[in-house]
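# Coordinate inspection notes
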Amino acid sequence: MKLLSEPLQGIRTTVNHYKRQDVFKCVQQAHARFENKVSVYHVLKERGCYPRGCIYFMWKCRKLNKGRSCPRKFKHVGRKCFGCKEFYDEKVINSPEVALSDEEFSKFMRDLGEFETWLEDLKGIEVNFSGTIYSVKPRMRQVVQGNRGHIALNGFVLIFREAFFDLVKFEDLCYLTISKGLQAKCRFSKGDKIDFYARVSMDRGRLILKRPNRIEIDERGEGETWSWDKALVAARTASPIPYQLEKCFACDRGCLLDTIERINVGDRHKRQLFCLEGIKNPHSCMYDLAKRIDIELCALDTFQRTII
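## Looking at the environment of Glu-277
For Glu-277, the location among the structural elements is in the loop between strand S15 (266–275) and helix H7 (287–307). Through-space distance from the C-alpha of Glu-277 to that of Thr-237 is 6.9 Å; in sequence the pair is 40 residues apart.

Right, here's the structure in full:
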């Protein structure tokens, strides 16, 4: 089998080509809040819209389009408008644009093929995994039906920014799902260096490890440990963030939830960013600043006790 990418000091390396956002751009209105960047997985696997494009229907209202008020006091067009005589939809056809040069795109397609071959080789087998935990978060899922929604807890997820799958270095995000019992037993936290065996699966372009066994903790970090009680409190106080900010993704209190909307035509799946601190406006968030101040005060206290 061909190497996944150019050797790095004799080590095979790869990234998750499904989650790359530098390959395609889409002008569809739904992607505007992401600067029209879309993942490779969304374009090639989920929508299958390259190169032929995709069709969607834009909901419109004759009254609202003219600046007139809605008799039912709605401010925007939604599913509750379907039976209204003023409602209509407009057929729109979009085709994603390739953001790479012809040479770069050809290289990407080769890299993607090698990546998919590597994933296929991992199917049905246990892989030896080793890496340093970047973050531990409650594994939550939001279910929305009508105007009601609730968050369900299902164990925890360990997040890695790079790791080894056998002898292949994976230089990208990957995830390990664990039960609340395993978290209570091992007390995983940020900075822990661990080694284990597990099975690899894909979830909408994300690399997920499941059913870990033969776990060895080579080195302990100094991160905060999540307990089940603390996770329950976080699930009750978590607040959705209306847009996605890089600082919220990087924050240990930012959590990307799988959201399932129960609608008449079937379930609709999406992901939404939640704040486990319950902060609704990221621009007024003081969590990161307070955390840095605590670290600096702790370091100062340690220094003062050292010199006394």
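## Quick notes on a nonpolar patch on the surface
On the surface, a nonpolar cluster with roughly 510 Å² of combined accessible area is contributed by Ile-55, Phe-57, Trp-59, Phe-82 and Ile-93. The leading source of residues in the nonpolar patch is strand S4 (residues 54–61), at 3 residues. Position of Phe-57 relative to the elements: it lies in strand S4. Among the residues examined, Phe-57 registers a relative accessible area of 46% and is labelled partly exposed.

## As for the packing of aromatic side chains
Applying the stated rule across the entire model yields 16 aromatic pairs. A ring pair is formed by Trp-118 and Phe-170, whose centres lie 6.0 Å apart and whose planes are at 20 degrees; its orientation type is stacked. Residue Trp-118 is found in helix H3 (residues 102–122), and its partner Phe-170 is found in strand S9 (residues 168–170); the two are separated by 52 residues along the sequence. Residue classification places Trp-118 among the buried positions, given a relative accessible area of 4%. A connected cluster of aromatic rings, assembled from ring pairs, spans Tyr-18, Tyr-41, Phe-115, Trp-118, Phe-129, Phe-160, Phe-165, Phe-170 and Phe-196. Positioned above the aromatic ring of Tyr-134 is the side chain of Lys-190, whose terminal nitrogen or guanidinium carbon lies 5.0 Å from the ring centre.

## A word on unusual backbone geometry
Between Tyr-50 and Pro-51 the backbone carries a cis peptide bond, its omega angle lying at 5 degrees. One can find Pro-51 in the loop between helix H1 (40–46) and S4. The phi angle at Lys-73 is positive, at roughly 70 degrees, despite the residue not being glycine. Within the secondary structure, Lys-73 sits in the loop between helix H2 (62–65) and strand S5 (87–94). Among the residues examined, Lys-73 registers a relative accessible area of 68% and is labelled exposed. The phi dihedral of Arg-204 falls on the positive side, at around 50 degrees, and the residue is not glycine. Within the fold, Arg-204 resides in the loop between strand S11 (193–203) and strand S12 (206–219).

## Considering the side chain of Glu-86
Here Glu-86 is to be found in the loop between H2 and S5. Summary of buried charges: Glu-86 has no salt-bridge partner, and the nearest side chain of opposite charge, Lys-63, is 4.6 Å away. With residues near it in sequence (within four places) discarded, Glu-86 still touches Lys-60, Cys-61, Arg-62 and Lys-63.

## Digging into the nonpolar core
Within soluble globular proteins, side chains that are nonpolar tend to cluster in buried spots. Formed by 50 residues in total, the largest nonpolar core has its most connected members in Trp-118, Leu-158, Phe-160, Phe-165, Phe-188 and Leu-209. In terms of residue count, H3 provides more of this core than any other element does, 7 residues in total.

## A short note on the pattern of salt bridges
When charged atoms on two side chains of opposite charge get close, those side chains can pair. Per the stated rule, a full pass over the model turns up 14 salt bridges. For Arg-20, the salt bridge is made with Asp-22, and the minimal N-O distance between the two is 3.0 Å. Residues Glu-116 and Lys-45 are paired through a salt bridge, measuring 3.1 Å at the closest nitrogen-oxygen approach. Linking Glu-116 in helix H3 with Lys-45 in helix H1, this pair joins segments that are 71 residues apart in sequence. Judged by relative accessible area, which is 25%, Glu-116 ranks as partly exposed. Residues joined by salt bridges that share partners form a network here, namely Glu-224, Lys-230, Arg-253 and Glu-277.

Rules behind the numbers
Each chain carries its own residue numbering, running from 1 in the written order of its sequence. Reporting of local features is limited, given that this is a predicted model, to residues whose pLDDT is at least 70; pairs of side-chain atoms are given and counted only at 80 or more, and all residues count toward the totals for whole chains, interfaces and linings. To get the side-chain values, all heavy atoms of the structure are used, and hydrogens and water are removed first. Strands here are runs of E lasting at least two residues and helices are runs of H or I lasting at least four, both read from the DSSP assignment and numbered beginning at the N terminus. Only residues above 30% relative accessible area that lack a salt bridge enter a patch, with like-charged residues linked at up to 9 Å and the nonpolar side chains Val, Leu, Ile, Met, Phe, Trp and Tyr linked at up to 5 Å. Note on areas: these come from Shrake-Rupley sampling with a 1.4 Å probe, and a residue is covered only by the protein chains present in the view. In the sections that follow, a salt bridge refers to a side-chain nitrogen of Lys or Arg positioned within 4 Å of a carboxyl oxygen of Asp or Glu. Partly exposed describes any residue whose relative accessible area lies between the buried limit of under 20% and the exposed limit of over 50%, with all areas from a 1.4 Å probe on protein chains only and scaled to the type maximum. Between rings of Phe, Tyr and Trp, where Trp is taken as its six-membered ring, a pair exists when centres lie within 6.5 Å; planes separated by under 30 degrees are stacked, by over 60 edge-to-face, and by other angles tilted. Only Lys NZ and Arg CZ are tested; either one counts as a charge over a ring when it is within 6 Å of the ring centre and within 35 degrees of the ring normal. Residues scored as charged are limited to Lys and Arg (positive) and Asp and Glu (negative), so that His and the chain ends carry no count. Contact between two residues is taken to exist if any of their heavy atoms lie within 4.5 Å; hydrogens are not considered. Nine residue types can take part in a nonpolar core, namely buried Ala, Val, Leu, Ile, Met, Phe, Trp, Tyr and Cys, and a core is a set of them joined through side-chain atoms within 4.5 Å.

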